[in-house]
Amino acid sequence: MRLDVVTIFADYLAPLQLSLIGKAQQQGLLDVRVHDLREHTHDRHRTVDDTPYGGGAGLLMKPEPWGEALDALLADPPAGAREEGPVLVVPSPVGEVFSQRAAVELAAEPWLVFACGRYEGIDARVVEHYRTRIRVREVSLGDYVLNGGEVAVLAITEAVVRLVPGVIGNAASLTEESHAPEHDGLLEHPAYTKPASWRGLDVPAVLAGGNHGAVERWRRDEALRRTASRRPDVLRRLDPARCDRHDLAV
Ligand SMILES: N#Cc1c(-c2ccc3cc[nH]c3c2)n[nH]c1N
């Protein structure tokens, strides 16, 4: 998988060289390239922003540098890129709320390009223009406001890259996590390790009883109970036929 990130704060993306994502690059599973948007300006001050038409507080990112930067990437596709080009992922407060389903979809792509906005965002014509050429997904981390797209790119990249075959050593663990499609997107059940008793709190006996069927039923029950309690919106999406706990009010 090739990831291109366009930003004015390249240092923000330094964590992509660490840990799991850094190792995936060393293994050749991932090729991450960070590009400075200011390389695509041509004035003395390397200007990337200007005042918004119609007035309003703050500044917007100008379309020209973005057009030049993204055109340069599209002109030099990586080996294995799809005919239709990359998915352009634009972190934005007005985007679809990022989800595990979106992570799974993006993990199936050979090439992702991230456009990190700053200031009050990017001139709307950039997304409008590139929607005519490639697939564009405006994505939000959630209903709160950040100062730019870089933090979102770090989160989205981690969620996506960990799903790429070979990146996580024990792929089986991916199917046992909260929001995993294999578990209907439910929240994960409580988990315990040794000691069996800690500060007067005991591990549920069923987990140490050796009855794997009973353990699986307990875990499913706990996942349903926890999801009903904390994320009824997730439970409502569950096919009723798969909601084994009919006592859960949703
Ligand atoms: N993703 C996401 C975001 C943002 C965000 C993204 C990009 C820019 C560019 C300027 N300000 C931004 C805020 N705020 N809240 C989220 N969940």
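Conventions used here
Residues numbered from 1 in each chain as written. Predicted model: local features only at pLDDT ≥ 70, side-chain atom pairs only at ≥ 80, totals over all residues. Heavy atoms only, no water. Near = heavy atom within 4 Å. Polar contact = N/O pair within 3.5 Å; in protein donor to acceptor, adjacent residues only side chain to side chain. Helix = DSSP H or I, 4+ residues; strand = E, 2+ residues; numbered from the N terminus. Nonpolar A, V, L, I, M, F, W, Y, C, P; charged D, E, K, R; others polar. Phe/Tyr/Trp six-rings, centres within 6.5 Å; stacked < 30°, edge-to-face > 60°. Buried < 20%, exposed > 50% of the residue type's maximum accessible area, 1.4 Å probe, protein only. Pairing = 2+ DSSP bridges. Axes fitted to C-alpha atoms, helices over the stretch in contact; angles between N-to-C directions. Contact = heavy atoms within 4.5 Å. Domains from an automatic or database assignment. Parallel < 35°, antiparallel > 145°, perpendicular 65-115°, else oblique. Left-handed = near helix turned anticlockwise from the far one by under 90°.

Every one of the 18 residues lining the ligand counts as a neighbour, but Ser 140, Leu 141, Gly 142, Tyr 144 and Leu 146 are closest to it. Between a nitrogen atom of the ligand and a main-chain N or O atom of Ser 92, the distance comes to 3.4 Å. Residue Val 139 places a main-chain N or O atom 3.2 Å away from a nitrogen atom belonging to the ligand. Counting only elements with at least two residues in the shell around the ligand, the list comes to strand S5 (87-97) and strand S7 (135-140). Looking at which element gives the most residues to the shell around the ligand, the answer is S5, with 3 residues. Residues that form the shell around the ligand fall into these classes: 9 nonpolar, 8 polar and 1 charged.

In total, this model carries 1 aromatic pair according to the counting rule given. Measuring from ring centre to ring centre gives 6.4 Å for Tyr 192 and Trp 218, while their planes differ by 55°; the resulting arrangement is tilted. Here Tyr 192, found in the loop between helix H5 (150-161) and strand S8 (197-198), pairs with Trp 218, found in helix H6 (residues 212-230); they are 26 residues apart in sequence, far enough to count as distant. You can call Tyr 192 partly exposed: its relative accessible area is 43%. Note on Trp 218: relative accessible area 18%, which makes it buried.

One open sheet holds the 5 strands; their spatial order is S2-S1-S6-S5-S7, and the pairing between them is parallel. On the outer flanks of this sheet lie strand S2 (31-36) and S7, each paired with one strand and no other. Strand-to-strand, the axes of this sheet are offset by a mean angle of 30°, without reference to chain direction. Note that strand S1 (residues 2-7) and strand S6 (residues 111-115) share 5 bridges and pair parallel. Opposite Val 6, over in S6, you have Ala 115 as the bridge partner. Contacts from helix H4 (residues 124-131) reach S5 and S7, with the element oriented near 140° to S7.

Frequently, the measure chosen for interface size is the accessible area removed from exposure when the parts meet. The domains assigned to the protein are domain 1 (2-161) and domain 2 (181-249). Spacing between the C-alpha centres of domain 1 and domain 2 amounts to 37 Å.

Here helix H3 (residues 100-107) crosses H5 at 70°, and the two axes come no closer than 8 Å. It follows from the interaxial angle that H3 and H5 lie roughly perpendicular. Here H3 runs over H5; the crossing is right-handed. Facing H3, whose interface residues are Ala 103, Leu 106 and Ala 107, H5 presents Ile 156, Ala 159 and Val 160. Here the residues of the contact of H3 with H5 sort into 6 nonpolar, no polar and no charged.

With an omega dihedral of 5°, the bond running from Lys 194 to Pro 195 counts as a cis peptide bond. Topologically, Pro 195 is positioned in the loop between H5 and S8. Not every positive phi belongs to a glycine, and Tyr 119 is a case in point at roughly 55°. Within the fold, Tyr 119 resides in the loop between S6 and H4. Assessed through its relative accessible area of 34%, Tyr 119 is described here as partly exposed. In this structure, His 179 takes a positive phi of about 70° despite not being glycine.

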